[in-house]
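Listed below, chain by chain, are the residues.
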Amino acid sequence: MAAIAPRGVRTGCRVIGDADEALLLPEEARSIPARQPAMRRASGAARWIAHRLLADIGIKDVAIPRAPSGAPVWPAGIIGSLAHDDDMAVAAVAQIADISSLGIDVEPALPLPDDIFALVAIAADRMDTADQSLAGRILFAAKEAVYKAVYPLDRQVLGYEDISVDLRAGRATTTTGRSASLVYCIAPRVVVLAFVGSSAPPYSPTISR
């Protein structure tokens, strides 16, 4: 993840532990209505990563509560994103001076089921990748990450059909006219980072296993 992130973006990951709900700060715990232990553990793991990333740039002991929309609420001057699958949590943060918006998603490194692929893919998508067996999974994660990156900017709900992705070029566009850059890695998890407004030079959209 560190190898693919653009300049100014800090990333981290954590295997979700059995007691990770205890990592939630009190304000965070109150803001997350889900009572399912697995969901609260995943939220605790993701926020623990974000706390450490923020501490690295001098922002300590700041809660990241959940907004009514479900999005995390970041400290002033910071943009970030959280994600998890059943076993792994990831986070990315940056200063708004460096990146306008961020989105991240994590998925198991397994082929995407055909029925889900049929819901996600559109004719405009370009899925040339080094690993064709994971192309659908990368596409799914890319659209999830792009949505997280553009929603704070436009406040418009988008479906998969509203986002077109070119994996080889590392770009995505939306029907609202928004464009985002994409980078990803595929081992041991598929992780996609989408970002808007980077001042960084172009990046290769994938890295080797």
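Residues numbered from 1 in each chain as written. Predicted model: local features only at pLDDT ≥ 70, side-chain atom pairs only at ≥ 80, totals over all residues. Heavy atoms only, no water.

1. Re the overall build of the protein
Helix and strand counts for the protein stand at four helices and eight strands. Ordered by position in the sequence, the α and β elements of the protein form the string β-α-α-β-β-β-α-α-β-β-β-β. C-alpha extents for the protein along the principal axes are approximately 45 × 35 × 35 Å. The buried share among the 209 residues of the protein stands at 47%. Taking contacts inside the protein between residues at least 6 apart in sequence as the whole, the part at least 24 apart equals 56%. Of the roughly 10,000 Å² that the protein leaves accessible, carbon and sulfur atoms contribute 53%. Each charge class in the protein can be summarised by its mean position, and for the 21 positive and 23 negative side chains these summaries are 5 Å apart. (Helix = DSSP H or I, 4+ residues; strand = E, 2+ residues; numbered from the N terminus. Buried < 20%, exposed > 50% of the residue type's maximum accessible area, 1.4 Å probe, protein only. Contact = heavy atoms within 4.5 Å. Areas by Shrake-Rupley, 256 points an atom, 1.4 Å probe, with all protein chains shown as cover. Lys, Arg positive; Asp, Glu negative; His and termini not counted. Charge placed at Lys NZ, Arg CZ, Asp CG, Glu CD.)

2. Quick look at the sheet that holds strand β5 (residues 163–166)
Read from one edge of the open sheet, five strands run β4-β8-β7-β6-β5, paired in antiparallel fashion. The strands lining the two open edges of the sheet, one partner per strand, are β4 (101–108) and β5. Ignoring strand direction, the axes of neighbouring strands in this sheet form an average angle of 25°. By the bridge criterion, three bridges tie strand β6 (residues 171–174) to strand β7 (residues 179–185) in an arrangement that is antiparallel. Along β7, the bridge assignment pairs Ala172 with Ala180. Across the face of the sheet, helix α4 (residues 135–154) comes into contact with β4, β5, β6, β7 and β8 (189–196) while running at roughly 155° to β4. (Pairing = 2+ DSSP bridges. Axes fitted to C-alpha atoms, helices over the stretch in contact; angles between N-to-C directions.)

3. Focus: the confidence of the model for the protein
In this model, the protein carries a mean pLDDT of 92, and residues with pLDDT of at least 70 account for 94%. Looking over the protein, one finds the lowest element-wise mean pLDDT in helix α1 (residues 26–31), namely 95, and the highest in β5, namely 98. Every residue in residues 199–209 scores below 50 in pLDDT, and together they form 27 contacts with partners more than four places removed in sequence or on other chains. (pLDDT = per-residue confidence, 0-100.)

4. Structural notes on the pattern of salt bridges
For the coordinates displayed, the defined rule picks out seven salt bridges. In this structure, the salt-bridge partner of Asp20 is Arg14, at a minimum N-O distance of 3.0 Å. The class of Asp20 is buried, set by a relative accessible area of 4%. The salt bridge involving Arg178 is made with Asp154; its shortest N-O contact spans 2.6 Å. Taken together, the positions of Arg178 in the loop between β6 and β7 and Asp154 in helix α4 put the pair 24 residues apart, joining distant regions of the chain. (Salt bridge = Lys/Arg side-chain N within 4 Å of Asp/Glu carboxyl O.)

5. Some remarks on the side chain of Ser31
Tracing the backbone through its elements, the reader meets Ser31 in helix α1. Using a relative accessible area of 18% as the deciding quantity, one classes Ser31 as buried. Within polar-contact distance, the side chain of Ser31 engages the backbone oxygen of Glu28 at 2.8 Å. For Ser31, the residues in contact, after removing those within four places along its chain, are Pro65 and Arg66. (Polar contact = N/O pair within 3.5 Å; in protein donor to acceptor, adjacent residues only side chain to side chain.)

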